[in-house]
Each structure stands twice: as structure tokens, then as C-alpha cells.
Amino acid sequence: MKKTISVAPMMDCTDRHERYFLSLISKHVQLYSEMIVSNAIIKGDRDKLLSFKKVSNPTILQLGGSNPKELAEACKIAEPYGYDEINLNLGCPSKKVQKNKFGACLMKEPELVAECVSSMINATKLPISIKTRIGYDDVEDFDFLKNFILTLKKEGVKKFIIHARRAILQKLSPKQNLSIPPLKYDFVYNLKKEFKNDEIIINGGITETNQIKDHLTKVDGVMIGRAIYHSPYFLADIEKDIFNNDDVPTRSEVMEQLIPYIQSETKKGVQLNHIMRHTVGLFHGQTGSRQWKQYLSKNMCIRDADIQKVDHIMDQIKNNNLSSSLGA
Ligand SMILES: Cc1cc2nc3c(=O)[nH]c(=O)nc-3n(C[C@H](O)[C@H](O)[C@H](O)COP(=O)(O)O)c2cc1C
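Residues numbered from 1 in each chain as written. Predicted model: local features only at pLDDT ≥ 70, side-chain atom pairs only at ≥ 80, totals over all residues. Heavy atoms only, no water.

**Some words on the overall build of the protein chain**
Part 1 of the argument: The helix and strand tally for the protein chain stands at 16 helices and eight strands.
Part 2 of the argument: The buried share among the 328 residues of the protein chain stands at 56%.
Part 3 of the argument: Pairs at least 24 apart in sequence give 72% of the contacts found in the protein chain among residues at least 6 apart.
Part 4 of the argument: Carbon and sulfur atoms provide 48% of the accessible area of the protein chain, an area that totals close to 14800 Å².
Part 5 of the argument: Between the centroid of the 47 positive side chains of the protein chain and the centroid of its 39 negative side chains there is a distance of 3 Å. (Helix = DSSP H or I, 4+ residues; strand = E, 2+ residues; numbered from the N terminus. Buried < 20%, exposed > 50% of the residue type's maximum accessible area, 1.4 Å probe, protein only. Contact = heavy atoms within 4.5 Å. Areas by Shrake-Rupley, 256 points an atom, 1.4 Å probe, with all protein chains shown as cover. Lys, Arg positive; Asp, Glu negative; His and termini not counted. Charge placed at Lys NZ, Arg CZ, Asp CG, Glu CD.)

**Side note on the packing of helix H4 (residues 68-78) against helix H6 (residues 110-123)**
Part 1 of the argument: Axis separation between H4 and H6 bottoms out at 8 Å; the angle between their running directions is 30 degrees. Regarding the angle of H4 to H6, the classification is roughly parallel. Helix-helix and strand crossings are classified by hand; for H4 and H6 the assignment is right-handed. On H6, the residues touching Pro68, Lys69, Leu71, Ala72, Cys75 and Lys76 of H4 are Leu112, Glu115, Cys116, Ser119, Met120 and Ala123.
Part 2 of the argument: Looking at the contact of H4 with H6 residue by residue, the class counts come to eight nonpolar, one polar and three charged. (Axes fitted to C-alpha atoms, helices over the stretch in contact; angles between N-to-C directions. Parallel < 35°, antiparallel > 145°, perpendicular 65-115°, else oblique. Left-handed = near helix turned anticlockwise from the far one by under 90°. Nonpolar A, V, L, I, M, F, W, Y, C, P; charged D, E, K, R; others polar.)

**Quick look at the site of the ligand**
Part 1 of the argument: Taken together, 16 residues are adjacent to the ligand, and Pro9, Gln62, Asn203, Gly205 and Arg226 come closest.
Part 2 of the argument: Note that an oxygen atom of the ligand is positioned 3.3 Å from one of the backbone N or O atoms of Met35.
Part 3 of the argument: Here Asn203 contributes a side-chain N or O atom positioned 2.6 Å from an oxygen atom of the ligand.
Part 4 of the argument: Expressed as a share of its isolated accessible area of 610 Å², the protein-covered part of the ligand is 86%.
Part 5 of the argument: Each residue belonging to the shell around the ligand can be placed in one class, and the counts come to seven nonpolar, seven polar and two charged. (Near = heavy atom within 4 Å. Polar contact = N/O pair within 3.5 Å; in protein donor to acceptor, adjacent residues only side chain to side chain.)

**Section: helix H7 (residues 142-155)**
Since the α-helix turns once every 3.6 residues, residues separated by three or four places project in the same direction.
Part 1 of the argument: Along its 14 residues, H7 runs 20 Å from first to last C-alpha, staying within 8% of the 20 Å computed at 1.5 Å per residue.
Part 2 of the argument: All of the buried residues along H7 are Phe142, Phe144, Leu145, Phe148, Ile149, Thr151 and Leu152.
Part 3 of the argument: Where H7 terminates, the next one or two residues include Gly156, which has phi positive at roughly 115 degrees. (Expected span 1.5 Å × (residues − 1).)

**Here's the deal with the sheet that holds strand S7 (residues 199-203)**
Part 1 of the argument: Around the barrel, which closes on itself, the eight strands sit in the order S1-S2-S3-S4-S5-S6-S7-S8 with parallel pairing between neighbours. Taken over all neighbouring pairs, the strand axes of this sheet differ in orientation by 25 degrees on average, direction set aside.
Part 2 of the argument: Of the strand pairs in this sheet, strand S4 (residues 85-90) and strand S5 (residues 128-133) are connected by five bridges, and their pairing is parallel. When the sheet's bridge partners are listed, Leu90 is paired in S5 with Thr132. (Pairing = 2+ DSSP bridges.)

**Examining the nonpolar core**
Part 1 of the argument: By size, the foremost hydrophobic cluster in this structure holds 94 residues, and its most contacted members are Leu152, Ile212 and Ile238.
Part 2 of the argument: Sort the elements by how many residues they give to this core and H6 lands first, with seven residues.
Part 3 of the argument: When residues of this core are assigned to domains, at least three map to each of domain 1 (4-241) and domain 2 (251-325).
Part 4 of the argument: Ignoring any residue separated from it by four or fewer positions in sequence, one finds Ile238 in contact with Ile5, Val29, Thr209, Ile212, Ile224, Ile228 and Phe243.
Part 5 of the argument: The next biggest cluster of nonpolar side chains, apart from the first, holds six residues, and it includes Ala8, Tyr32, Ile60 and Met223. (Core = buried A, V, L, I, M, F, W, Y, C linked by side-chain atoms within 4.5 Å. Domains from an automatic or database assignment.)

**What to know about unusual backbone geometry**
Part 1 of the argument: One non-glycine residue, Asp137, adopts positive backbone phi at about 45 degrees.
Part 2 of the argument: Following the sequence through the fold, Asp137 ends up in the loop between S5 and H7.
Part 3 of the argument: Backbone geometry at Asn244 places phi at a positive 50 degrees, although glycine is not the residue there.
Part 4 of the argument: You can see Asn244 is positioned in the loop between helix H11 (234-241) and helix H12 (251-267).
Part 5 of the argument: For Asn244, a relative accessible area of 66% puts it in the exposed group.

**Re H11**
Part 1 of the argument: By the burial criterion, the buried members of H11 are Phe234, Leu235, Ala236, Ile238 and Glu239.
Part 2 of the argument: Looking at the packing, one finds that the buried side of H11 touches strand S1 (4-7), helix H1 (16-25), helix H9 (209-216), strand S8 (221-224) and helix H10 (226-230).

In C-alpha cells, the structure reads:
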């Protein structure tokens with residue numbers, strides 16, 4: 001089975017602009033969308049929610065929902081937009097999400113989840129995967145996790161992404177739920193031993209390529225969220241150390257390659273800061289990182305009417321080679 005590295009789904013982070021930006025640094029990582037609620041796809045502006053500029057990276061849509069019919073309809077609507085896979089969110093612990101019965105609270109209802117994935121599989125040719133946690137509240141038991149995965153496998157799911165910590169549904173905020181419940185990677189390694197022919201992806205707290213290499217000796221893939229969002233150029237290390245690809249653009253080249261995309265998107269009415277906000281961490285750890293952030297906050301809140309001004313700033317980045325003068 002081919003080993004994979006992916007960028008985790010993150011609300012307000014992994015929108016289509018972020019994914020395009022990341023695709024300039026790494027051609028190999030898989031890119032997940034932020035969670036989109038099935039009913040929003042059915043009732044909302046589909047093109048706005050689902051369209052994206054195609055890149056060579058596999059791109060995966062993550063859905064939130066618990067109504068089998070709605071999830072099936074959302075899959076049907078999404079299929080022509082060019083995603084490579086559809087993922088169901090069974091790991092988000094936020095109160096709002098629980099109120100609507102999405103995310104991690106669905107671990108309590110394996111039979112309903114089985115109905116959901118079965119209905120999604122029947123609705124689309126695209127592969128259906130799930131992303132979940134190792135347990136919830138006081139339930140942190142390998143047999144529970146194994147049976148949960150087995151129930152979904154029986155419906156035809158073959159790819160399972162496991163955030164290696166429990167979700168504490170009532171007592172912790174979503175942010176606390178990303179750090180307080182301890183990481184238990186052994187749960188995921190043991191799952192792989194039980195499900196040898198299925199794809200088991202590990203997620204949670206991974207920040208270095210050495211850790212990635214170690215996990216890849218035990219599971220089929222590694223998913224990384226915050227470490228890439230906060231420092232997108234971590235992907236360059238991943239390209240070099242994991243994919244043995246030395247042909248990675250410098251930080252300045254990444255910015256230059258982003259310019260045509262920015263010009264075309266802003267001409268269509270996208271606000272510049274909706275794209276540029278994702279580049280804030282590009283110079284993380286470099287001399288000049290602070291100046292880059294200040295430059296962005298001063299110049300990037302331009303409305304769509306000011307196309308000329310956008311062009312001017314882009315010329316500045318290009319001609320004054322702003323990013324390389326920052327020490328990239
Ligand atoms: C800002 C933010 C938003 C997130 N939104 C989602 C989401 O929409 N769907 C999802 O399955 N997980 C979401 N997560 C969880 C991440 O996908 C990932 O499981 C978690 O951050 C642990 O990985 P990490 O330690 O590499 O960041 C989010 C995490 C963060 C920090």
C-alpha cells in the first residue's frame with residue numbers, strides 16, 4: 001500500500017486558497033477541505049462551497065452530517081467538482097457540532113454511522129473515508145475502537161484516519177480537545193495490526209519529519225494539521241525528507257508563483273486577505289518573519305474594488321523581491 005502524507009481538514013484554515021498555496025510547496029501531500037455540512041451543500045451556494053482550482057495533489061472533501069439521505073445527496077452534488085475522495089467527520093467535539101449531531105458524538109451511534117457511510121458509498125463512485133478519534137468521554141477502550149472500525153469496514157469503508165486522542169464532549173472546548181486528552185499512538189498502531197488490508201492513517205501532535213518516518217514504519221499514512229498551518233514551509237522538509245524531492249521552490253518562489261492565482265482570483269471578486277492570510281506563517285522561523293507579518297497586516301485588507309492596488313502590491317513583491325529581502 002502506498003504511504004501517504006496529508007494536510008488535515010481545519011475549519012477556517014484549509015479552504016480552497018490555502019490548498020492552492022500549499023500545492024505550490026508540495027506536489028505530493030493530500031489536501032483535505034475544511035468540514036462542510038451536508039445540508040449547506042444541498043441548500044447553499046454549491047459553487048462557492050465546492051469549487052476549487054484543480055491541482056495535482058489529491059484533494060479530499062470532508063463532510064459533516066448524520067442524515068444518511070442528506071449525506072448521499074451532498075456526495076452526488078460534490079462528485080463533479082473534481083475531488084478524489086469524500087471523508088466523513090466523526091471526530092469534531094465542538095458543542096455546536098454536537099447539537100447538530102455531527103462529529104465525535106457520532107462515535108456513540110455506530111449503527112447510524114454505518115447507515116450514513118453505506119448511503120454515501122451507494123451515492124458516489126468516489127471512495128469514502130472517515131476521520132475519528134480513539135474514543136470519547138470515559139470510553140477509551142481498544143475493543144470499542146476496533147468494533148467501531150469493523151462496523152464501518154463491513155459497509156465498505158477502507159480508509160480510516162485516527163486522531164490519536166479521545167474527545168471529551170462536555171467538559172472541554174474544541175481547543176482544549178486538541179491538547180488535553182493525551183495522545184495514545186499505540187491505539188492506532190494496534191488498529192493497523194488488526195486491519196492489515198485497510199488504510200490506517202495516524203493524526204495528532206506530529207511536528208517533525210523524524211516522527212513521520214517513525215509512524216510510517218507502523219501505519220499507512222500520517223496526517224498533519226497545525227504544524228503545517230502555522231509553518232507551511234514545513235512541507236518543503238516533507239518533500240525533501242519523505243518524498244526525496246529536492247526540487248522544492250524557495251519561499252520567495254512560492255510567493256511569486258502565487259501571484260498569478262491572486263491576480264485571477266481578485267479579478268473574480270475575492271478579497272486579497274482571504275488568500276494572503278494563509279501565507280502569514282510562510283517565513284516562520286526566518287529572519288524577517290515579523291516584518292512579513294506586519295507587511296501583510298498593513299497591506300492585505302483590500303476590497304475587491306481596488307484591483308489596481310492589488311496589482312501594485314503584487315508588483316512590489318515581485319520587483320522589490322520583498323520576500324527574499326526578508327531572508328528567505
Ligand atoms: C483550527 C482547527 C480547525 C479544525 N477543523 C477540523 C475540521 O473541520 N474537521 C476535522 O476533522 N478536524 C478538524 N480539526 C482537527 C484537525 O484535523 C486535527 O485532527 C487536529 O488538529 C490534530 O492534528 P495536529 O496535531 O496535527 O494539528 C481542526 C483543528 C484545528 C486546529
